[in-house]
Structures are given as structure tokens and as C-alpha cells.
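# A structural walkthrough
Residues per chain are reported as follows:
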Amino acid sequence: MPEVEISIGGRSFDVACQEGEEQYLRSAAKMLDTEAQVLAQQVGRIPESRMLLMAGLMLADKTAGLEDKLRALEDRAAGYLSELQTLKAAPPPEPERIEVPVVPTEVTETLQEVAARAEALARDVEEKIG
């Protein structure tokens, strides 16, 4: 079983842990040390047991707050998931019928005739000018 030396509040501790858990232990010790440093700055030198107790309680308070936030987010996610499932289960909306007016053939032919006449006039004007 490996032993890891950690430092909390300026004090060193040798702590045993399971093989492969050294990094988790160091990470947890760093969080506890951060809280202990806050206490040391606010209160000054306090007995080791009291410092560890207070730092642990501060971490527990933060953890409880994060757990509350996590529960709220999980509830929101569950609501979104439920809404998504409801939407997926609902039948697709009926297609909307849209009628597009069709231009009558006579109008199209007349417009083509007018365009042809305009082009012919334009050519005549260009020839007279040029």
C-alpha cells in the first residue's frame, strides 16, 4: 500500500492509500489545504485538529451546495428529456397545403411576344444610332 506525503495548512502528513489512488489523494489534500490556508489567513494559528475539522466542514459546505446545484440541473435535464420524448412520440404535424397561383399560358405567351418586340425595337434603335 503506497504512502503519500501531503501538506495541509503548513503541516505534513504521511497517508496510506490504495494502489493507483495517489493522484486522487493529492487532489483531495490540495482542496483541504486550500481551505486550511483560508482559515490560517482569517484566524491565524489554530490547533491541528481544529484546523482540519474547520477545513473539512468548509469543504463539506461547498460540496453540499454543489450537490444541490447538481440535483437542480438533473431535474431540469429530466424535464428536458421528458419534453423531448413527448415531442418525439407526438404524431408529425399535418402538411400545410399552399396553393401557388399559376400564370395562364396566354399571359406567358403575350409577355414573350412583348419581350421579342422590345428586343427588335432595341436592335432597330442601335442600328439607326450606329
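Everything discussed here concerns the structure shown above.
First, a word on what this report is: a plain description of the structure on this page. (Residues numbered from 1 in each chain as written. Predicted model: local features only at pLDDT ≥ 70, side-chain atom pairs only at ≥ 80, totals over all residues. Heavy atoms only, no water.)

## Brief notes about the pairing of strand β2 (residues 11–16)
- The pairing of strand β1 (residues 3–8) with β2 spans six bridges and is classified as antiparallel. In the strand pairing of β2, E3 is matched with A16.
- Where β1 folds back onto β2 in an antiparallel hairpin, the turn is made up of two residues, including G9, whose phi is positive at roughly 60°. (Pairing = 2+ DSSP bridges. Helix = DSSP H or I, 4+ residues; strand = E, 2+ residues; numbered from the N terminus.)

## Some thoughts on the side chain of E22
- Counting through the fold element by element, E22 comes out in helix α1 (residues 22–43).
- Only 3.1 Å separates the side chain of E22 from the backbone nitrogen of G20, close enough to count as a polar contact.
- With residues up to four places along the chain from it excluded, the contact list for E22 reads P2, V4 and C17. (Polar contact = N/O pair within 3.5 Å; in protein donor to acceptor, adjacent residues only side chain to side chain. Contact = heavy atoms within 4.5 Å.)

## So, α1
- With 22 residues, α1 should cover 32 Å at 1.5 Å per step; its first-to-last C-alpha distance of 31 Å lies within 8% of that length.
- The complete set of buried residues in α1 reads E22, L25, A29, L32, D33, E35, A36 and L39.
- Contacts made by the buried residues of α1 are with β1, β2 and α2 (48–89).
- Of the residues one or two after α1, G44 is the one with positive phi, at around 100°. (Expected span 1.5 Å × (residues − 1). Buried < 20%, exposed > 50% of the residue type's maximum accessible area, 1.4 Å probe, protein only.)

## Quick notes on the environment of P104
- Structurally, P104 can be placed in the loop between α2 and α3 (105–129).
- Its relative accessible area of 41% is what places P104 among the partly exposed residues.
- Separated by 15 residues in sequence, P104 and E119 have C-alpha atoms that sit 23 Å apart.

## Structural notes on the environment of V102
- Turning to its location among the elements, V102 is positioned in the loop between α2 and α3.
- Along the sequence, V102 and K62 sit 40 residues apart, while their C-alpha atoms lie 69 Å from each other.

## Details of the pattern of salt bridges
- Taken as a whole and judged by the stated rule, the model has four salt bridges.
- The closest approach of N and O atoms between E35 and K62, which form a salt bridge, is 2.5 Å. Remark: K62 occurs in helix α2 and E35 occurs in helix α1; sequence separation between them is 27 residues.
- Using a relative accessible area of 4% as the deciding quantity, one classes E35 as buried.
- K62 sits in the partly exposed class, given a relative accessible area of 49%.
- The closest approach of N and O atoms between E113 and R117, which form a salt bridge, is 3.4 Å. With E113 and R117 both in helix α3, this residue pair falls four residues apart, about one helical turn.
- The exposure class assigned to E113 is partly exposed, which follows from its relative accessible area of 47%. (Salt bridge = Lys/Arg side-chain N within 4 Å of Asp/Glu carboxyl O.)

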